[in-house]
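Examining the three-dimensional arrangement
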Amino acid sequence: MKNRIVRLRLVGWFGVILLAANISSGQTDLQSRNLMSVPSKVVWKTGKLTLNKEFAVSFKGAAHTRLRKYAGRVMTRLEGRTVMSFSGGSGSRTSGPQLTIETKFAGNNLPRLGEDESYRLEIDTNRAVLSAATNVGAMRGLETFLQLLEGGEEGFYFPAVLIEDKPRFPWRGLLIDVARHYQPLEVLKRNIDAMAAVKLYVLHWHLTEDQGFRVESKNFPKLHTLGSDGLFYTQQEIREIISYAADRGIRVVPEFDMPGHATSWLVGHPELASLPGPYQIERNPGIFDPTLNPIKEETYQFLDTFLTEMAALFPDSHIHIGGDENEGKQWDANPEIQAFMKQKGIKDNHQLQTYFNKRILKILEKNGKVMMGWDEIFQPDLPKDVVIHSWRGQKALAEAAQQGYTGVLSNGYYIDLMYPASEHYLVDPLPAGTGLNSEEQARVLGGEATMWGEWVSPETIDSRIWMRTAAIAERLWSPREVRDVDDMYRRLDALSIRLEELGLTHRRIQPVLLRRLAGAKEISALQTLVSVIEPVKQYQRYQQRPQTMLDPLTGLIDAAQADAPGARNFNRLIDQFRTEKQNDADAAAELRNIFSGWRKAGIELIPVMRNSPALHEAQELGPELRDLGEIGLEALEYLEKGSAPGKEWREEKLKRLEPISKPKAALEFAVIEGLRKLINKAAGITASN
Ligand code: ACM
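Residues numbered from 1 in each chain as written. Predicted model: local features only at pLDDT ≥ 70, side-chain atom pairs only at ≥ 80, totals over all residues. Heavy atoms only, no water.

Attention now goes to the overall build of the protein. Scanning the protein for helices and strands turns up 26 helices and 19 strands. Against the compact-globule benchmark of 26 Å for 689 residues, the protein has a radius of gyration of 27 Å, which places it among compact chains. When its C-alpha atoms are laid out on the principal axes, the protein stretches across 80 × 70 × 55 Å. Of all 689 residues assigned to the protein, the portion counted as buried reaches 60%. For the protein, contacts bridging at least 24 residues in sequence account for 77% of all contacts bridging at least 6. Computing the positive centroid from 86 side-chain charges and the negative centroid from 89, the protein places the two 2 Å apart. (Helix = DSSP H or I, 4+ residues; strand = E, 2+ residues; numbered from the N terminus. Rg over C-alpha atoms; globule rule 2.2 N^0.38 Å. Buried < 20%, exposed > 50% of the residue type's maximum accessible area, 1.4 Å probe, protein only. Contact = heavy atoms within 4.5 Å. Lys, Arg positive; Asp, Glu negative; His and termini not counted. Charge placed at Lys NZ, Arg CZ, Asp CG, Glu CD.)

In this structure, Phe 256, Trp 265 and Trp 466 are the most contacted members of the largest nonpolar core, which totals 140 residues. Trp 265 has contacts with Thr 208, Phe 213, Leu 223, Phe 256, Asp 257, Met 258, Phe 302, Leu 303 and Phe 306, leaving out every residue within four places of it along the chain. Grouped together as the second largest cluster of nonpolar side chains are 55 residues, Leu 514, Phe 577, Ala 587 and Trp 598 included. (Core = buried A, V, L, I, M, F, W, Y, C linked by side-chain atoms within 4.5 Å.)

One pass over the structure, following the stated rule, counts 24 aromatic pairs. When the ring of Tyr 300 is compared with that of Phe 356, the centres are 5.9 Å apart and the planes differ by 45°; the resulting orientation is tilted. Here the residue Tyr 300 occupies a position in helix H8 (residues 297-313), and Phe 356 occupies one in helix H11 (residues 349-366), the gap between them amounting to 56 residues. Here Tyr 300 and Phe 356 have matching classes, each one buried. Measuring from centroid to centroid gives 5.9 Å for Trp 455 and Tyr 542, while their planes differ by 20°, and the two rings are stacked. Residue Trp 455 is located in the loop between strand E17 (444-451) and helix H15 (461-465), and its partner Tyr 542 is located in helix H20 (residues 540-544); the two are separated by 87 residues in the primary sequence. These aromatic residues form a ring-pair network of at least three members: Tyr 182, Trp 205, Phe 213, Tyr 233, Phe 256, Trp 265, Phe 306 and Phe 314. Cation over ring: Arg 33 sits above Trp 44, and NZ or CZ is 4.2 Å from the ring centre. Lys 681 extends its terminal NZ or CZ atom over the ring of Phe 577, reaching a point 4.9 Å from the ring centre. (Phe/Tyr/Trp six-rings, centres within 6.5 Å; stacked < 30°, edge-to-face > 60°. Lys NZ or Arg CZ within 6 Å of the ring centre and 35° of its normal.)

Structurally, the position occupied by Ser 410 is in the loop between strand E16 (406-409) and helix H13 (421-425). Setting aside residues no more than four positions away along its own chain, Ser 410 makes contact with Trp 374, His 389, Ser 390, Glu 448 and Thr 450.

A word on the side chain of Arg 77. Relative to the elements of secondary structure, Arg 77 occurs in helix H2 (residues 65-82). Owing to a relative accessible area of 13%, Arg 77 belongs among the buried residues under this scheme. Within the local environment of Arg 77, its side chain forms a polar contact with the side chain of Glu 501, the two groups lying 3.3 Å apart. When sequence neighbours within four positions are dropped, the list of residues in contact with Arg 77 reads Glu 143, Leu 146, Ala 197, Glu 501 and Leu 502. (Polar contact = N/O pair within 3.5 Å; in protein donor to acceptor, adjacent residues only side chain to side chain.)

Using the criterion set out here, one finds 52 salt bridges in the structure. A salt bridge links Asp 247 to Lys 69; the shortest N-O distance between them is 3.3 Å. Here Lys 69 lies in helix H2 and Asp 247 lies in helix H6 (residues 235-247), a separation of 178 residues in the sequence. For the salt bridge of Arg 443 with Glu 439, the shortest nitrogen-to-oxygen distance reads 3.5 Å. Here Arg 443 pairs with Glu 439, and both are found in helix H14 (residues 438-443), just four residues apart, close to one helical turn. Sharing partners across several salt bridges, the network here consists of Lys 41, Lys 45, Arg 120, Glu 122 and Glu 164. (Salt bridge = Lys/Arg side-chain N within 4 Å of Asp/Glu carboxyl O.)

Right, let's get into unusual backbone geometry. Cis rather than trans, the peptide bond between Met 36 and Ser 37 has omega equal to 15°. One can find Ser 37 in the loop between helix H1 (6-22) and strand E1 (41-50). Residue Trp 466 is joined to Met 467 through a cis peptide bond whose omega torsion reads 10°. Within the secondary structure, Met 467 is located in the loop between H15 and helix H16 (468-477). Of note, Asp 229 is a non-glycine position whose phi angle comes to about 55°, a positive value. With respect to the helices, strands and loops of the structure, Asp 229 is situated in the loop between helix H5 (221-227) and H6. For Met 418, which is not glycine, the phi dihedral falls at a positive 70°. By the element assignment, Met 418 lies in the loop between E16 and H13.

This next bit is on the environment of Ile 594. Here Ile 594 is to be found in helix H23 (residues 584-610). Judged by relative accessible area, which is 17%, Ile 594 ranks as buried. Distance from Ile 594 to Gly 629, taken between C-alpha atoms, is 7.7 Å for residues 35 residues apart in sequence. Dropping the residues within four chain positions of it, Ile 594 is found in contact with Asn 569, Phe 570 and Leu 573.

With that out of the way, let us pick up the confidence of the model for the protein. Residues at a pLDDT of 70 or more form 94% of the protein, whose mean pLDDT is 92. Note that residues 1-30 has pLDDT below 50 and, in this model, 68 contacts with residues that lie over four places away or in other chains. (pLDDT = per-residue confidence, 0-100.)

Turning our eyes to something else, we now look at the environment of Tyr 413. Locating Tyr 413 in the fold gives a position in the loop between E16 and H13. Residue class for Tyr 413 comes out buried when judged on its relative accessible area of 0%. Tyr 413 sits 59 residues away from Ile 472 along the chain, and the two C-alpha atoms are 7.2 Å apart.

Across the interface, helix H4 (residues 185-197) lies against H6 with an axial gap of 10 Å and an inter-helix angle of 15°. As the angle between them shows, H4 and H6 are arranged roughly parallel. Read as a crossing pair, H4 and H6 show a hand that is right-handed. In contact with Leu 185, Leu 188, Lys 189, Ile 192 and Asp 193 of H4, H6 contributes Glu 237, Glu 240, Ile 241, Tyr 244 and Ala 245. Residues belonging to the contact of H4 with H6 are distributed by class as follows: six nonpolar, no polar and four charged. (Axes fitted to C-alpha atoms, helices over the stretch in contact; angles between N-to-C directions. Parallel < 35°, antiparallel > 145°, perpendicular 65-115°, else oblique. Left-handed = near helix turned anticlockwise from the far one by under 90°. Nonpolar A, V, L, I, M, F, W, Y, C, P; charged D, E, K, R; others polar.)

Pasting the structure below:
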């Protein structure tokens, strides 16, 4: 993700939003309880399986060690949740609650594309039976089983149910960019655990960039030693992550971005560049010129050795070669490259990149790998199993599918852009009415959320990935008709707490950062503030608050989150207040509480922020929060009295909202629209928007 192409991305993104908004959000008839992703078939039955400390798991059929270990961890999670110790152990028994896991095939040692992930889970009052064709399918079913746990006066239980489930798409991924910011192994591991919990299947490991080369190469050690500030994964660590992911039924697909996004390669190997060096690790975000030289045989010899090494290190069938955003400036500036193009009849840089891609393709094919790359690699004589990874739009994906290529969608799933879950959720790789025939539809393999790493640290990355990625995971797993946004949020909130049991820090990091920002001061007012502000969207953060990759990610913006929960609740209340007369009194009371809370917090924040230097950049937000609270209270008062204020009141309040609606420290209030609606309502203006 880079800033110079903001315009292009804007167009792509909003195209998707408009498309999504046009599709009515059909209510599903599934009662989904806390299941996320919603299974393809659920039949609730009467009765329940009561959980007690006799509970045990047993296996039938071909259970792989990976599955046995998985079930062991499931038991530990159940124990943690229920504060019970299961003494039943494993092994088939005739009495007591138990879960029997039946698998037909031991399956592959490593998960792979196209694996049967379906499962069937039947729970009755005596026992639960989970059956699956493969061990990976059983893992998916175990996560569903865990999500079914409920508790009440009579203790913990699983409701009786029959679930038959399978994914809608085989490629359900999360890209983690560890190049802009290195992420330690434990961060990757806990996020792999969370991926498994939401039934994702592919960790797309974005390992190289202008800003860092993060994988050890034994053949070319200067790549990682000079290109990474010492922050790279040894091959042993890479194998550890692959094995950890495989234990959880997750594939690991590496990306080595080329020929652009390659500055870090050139620090140790300037001879590979299209213009003479020296080169240094890039510290800024953006698109940069350094590009591999596509006309030198030496480049291909190097890449042959390097990719052959990586092909052995990464066992998955696919290798991603990036290929995005090569603007070809170094190619234009190099007379030898220009002469080469003329001599070979290569018309433009895109064709030159195609020449490069084809040479890389040969290397990958020789190593038995399938090539994957961003949209830009697409051109019509590539082999048909090449995977086109679309970051520019659904249209590109559909076109590729029509021409016989498989594809994966990421446009609409850019979680680094700070949009709410609701918007990602409604983006469908295969919306109804695409016009693709069934064969073409089958070529749309799925999608990937992309956690680009410019503004994430090991502390904050969980809070950027989750919970929005769980909404995307559901889009990729559940039937297309499952698209009730309110129900999605309800289930997301339930799941969020359960992800914490895996060690995810997506919730707890916020108070940690706020305490650090405020020093010894009380943070409850700051918490009220961050519940209604969000980081600016798109690529505005860097424009409004420039930083390099070496700068700290510990500001108020890093504590704030997309989809601010207080704002979401407020906006829901405002809509309810405007549309449902009978709820007005309740909604008004709740709104009054909220406004009083804002006013109080805003007043308290003034000295807190003044006396906390790390918060000075955001100081204006205190009095603004106070004013938002006051405006809200005034509006409610008019509504309660039933007397509309004069025209001047409305104008004055709307005018006050203008400066408040402008971002400060790259943070913006996510409640402004709701307040505008309330002001208009108080003033007797009942415009429908
Ligand atoms: C990309 O965002 N340039 C793949």
